[in-house]
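Residue strings, one per chain:
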Amino acid sequence: MLFYVQVDGDIIRDVIQYEHEGYQPVELPTPLPIGINAGFYRLQDGVPVLDQALKDEADKASRPIEYVELEQRLATSEAETAQLKVESNANQLALMELHMMLLSVLPDES
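What you see is a predicted model; the values in this text were computed from it and never measured.

Some remarks on the overall build of the chain
Phase 1: The helix and strand tally for the chain stands at two helices and five strands.
Phase 2: Sequence-ordered secondary structure for the chain, helices as α and strands as β, is β-β-β-β-β-α-α.
Phase 3: Computed over its C-alpha atoms, the radius of gyration of the chain comes to 30 Å, more than 25% above the 13 Å expected for a compact globule of 110 residues.
Phase 4: Taken along its principal axes, the extent of the C-alpha atoms in the chain is 100 × 30 × 25 Å.
Phase 5: The buried share of the chain, reckoned over its 110 residues, is 17%.
Phase 6: Within the chain, residue pairs in contact and separated by at least 24 positions form 29% of the contacts whose partners lie at least 6 positions apart.
Phase 7: Per element, the accessible surface of the chain, about 8,700 Å² overall, is 57% carbon and sulfur.
Phase 8: Across the chain, the centroid of the 7 positively charged side chains sits 3 Å from that of the 20 negatively charged ones.

Quick word on the nonpolar core
Phase 1: Counting residues in hydrophobic clusters, the biggest one holds 12 residues: F3, V5, I11, I12, V15, V26, L28, I36, F40, Y41, L43 and L54.
Phase 2: Where this core is concerned, the elements lending two or more residues are β1 (2-8), β2 (11-16) and β4 (41-44).
Phase 3: Sort the elements by how many residues they give to this core and β2 lands first, with three residues.
Phase 4: Contacts of V15, omitting those with residues within four sequence positions, involve F3, Y4, V5, L28, L32, I36 and N37.

Thoughts on the pattern of salt bridges
Phase 1: One pass over the structure, following the stated rule, counts five salt bridges.
Phase 2: With a closest N to O distance of 3.4 Å, R13 and D8 form a salt bridge.
Phase 3: We classify D8 as partly exposed; its relative accessible area is 46%.
Phase 4: Across the pair E71 and R63 runs a salt bridge whose closest N-O atoms are separated by 3.1 Å.
Phase 5: The exposure class of E71 is partly exposed, given its relative accessible area of 37%.
Phase 6: Each of D10, R42 and D51 takes part in one network of salt bridges that share partners.

Points about the confidence of the model for the chain
Phase 1: Per-residue pLDDT for the chain averages 91, and the proportion of residues at 70 or more is 99%.
Phase 2: Here helix α1 (residues 52-61) is the element of the chain with the lowest mean pLDDT, 88, and β2 is the one with the highest, 96.

Rules used throughout
Throughout this document, residue positions are counted from 1 along each chain, in the order its sequence is written. Predicted model: local features are reported for residues with pLDDT of at least 70 only, side-chain atom pairs are reported and counted for 80 or more only, and whole-chain, interface and lining totals are derived from all residues. Here the side-chain values reflect all heavy atoms present in the structure, with hydrogen atoms and water set aside. A run of DSSP states H or I qualifies as a helix once it reaches four residues; a run of E qualifies as a strand once it reaches two. Both are numbered from the N-terminal end. Computation of the radius of gyration draws on C-alpha atoms alone. For the globule rule, the value is 2.2 Å times the number of residues to the power 0.38. For the exposure calls, accessible area comes from a 1.4 Å probe over protein chains only, and a residue counts as buried if that area is under 20% of its type's maximum, exposed if over 50%, partly exposed in between. Contact between two residues is taken to exist if any of their heavy atoms lie within 4.5 Å; hydrogens are not considered. Each accessible area value is a Shrake-Rupley result obtained with a 1.4 Å probe; residue values ignore everything except the protein chains displayed when judging cover. The charge count treats Lys and Arg as positive and Asp and Glu as negative. His and the chain ends do not count. A single reference atom marks each charge: NZ on Lys, CZ on Arg, CG on Asp, CD on Glu. For this analysis, a nonpolar core means a set of buried residues of the types Ala, Val, Leu, Ile, Met, Phe, Trp, Tyr and Cys, connected via side-chain atoms within 4.5 Å. By convention in these notes, a salt bridge is any Lys or Arg side-chain nitrogen within 4 Å of a carboxyl oxygen on Asp or Glu. Per-residue confidence from the predictor is reported as pLDDT, a score between 0 and 100.

Following this line, the structure appears as structure tokens:
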């Protein structure tokens, strides 16, 4: 089917069904992919091709602020958990060393 495509380089910005200034005619297979106007499809040899990196970037940019804040809190929590694991391991090692030291200085009961 004949569509008119607005491109930025090879990135599809808009697809319409009527002739309009700045749009180029392209024969595209239907149905058109969902999100073809979202800026993450590239026009390659007359075929719309999903660019996953562009899609991931667009998805990240369109996330609600609450999601971004939650993601930041999760990252902070994960960092704190990792630090606690390091400290716990250090404490366990110190406890084992103390135990070994006590065993070496206590009189043998045999």
